[in-house]
Amino acid sequence: MSSILSNFLYNKGMEPSFDEILKEFLLINNLTQTTFANAIGVRQSQVSEWLSGKAKPGYDTLRRISLAFNVSADYFLGIKENF
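Definitions and limits used
- Residues numbered from 1 in each chain as written.
- Predicted model: local features only at pLDDT ≥ 70, side-chain atom pairs only at ≥ 80, totals over all residues.
- Heavy atoms only, no water.
- Helix = DSSP H or I, 4+ residues; strand = E, 2+ residues; numbered from the N terminus.
- Buried < 20%, exposed > 50% of the residue type's maximum accessible area, 1.4 Å probe, protein only.
- Arc of directions from axis to C-beta.
- Contact = heavy atoms within 4.5 Å.

### So, unusual backbone geometry
Here comes step 1: Within the chain, Asn-30 stands out as a residue other than glycine whose phi angle is a positive 55°.
Here comes step 2: Within the secondary structure, Asn-30 sits in the loop between helix 2 (18–28) and helix 3 (33–40).
Here comes step 3: Positive phi, close to 55°, is recorded for Asn-70, a residue that is not glycine.
Here comes step 4: In this fold, Asn-70 is placed in the loop between helix 5 (59–69) and helix 6 (73–76).
Here comes step 5: Residue Asn-70 is classed as exposed on the basis of its relative accessible area, which comes to 71%.

Next up, the structure:
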């Protein structure tokens, strides 16, 4: 991650949650929920649930996200700071 939010969280020893990571990813890449959803083959409503923290993607979906955007799953899991 490269934003102020992620730098703040990592500097405080806190790991960002999936919804925070996804929000930042969409913002940095200028993606709408619909565009992101279409790229990975899910409904926009599913992305909305992830962004609200009500749900998280499963293994297969996380794999599709990583492949569709050429980003390590470690980034979305909060293990790596940069994508």
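### Some points on helix 4 (residues 44–52)
Here comes step 1: Those residues of helix 4 that fall on the buried side of the exposure criterion are Val-47, Trp-50 and Leu-51. Around the axis of helix 4, the buried residues are gathered within 95° of arc, so they sit on the same side.
Here comes step 2: Tucked into the core, helix 4 has its buried residues touching helix 2, helix 3 and helix 5.
Here comes step 3: Gly-53 sits one or two positions beyond helix 4 and adopts a positive phi of about 85°.

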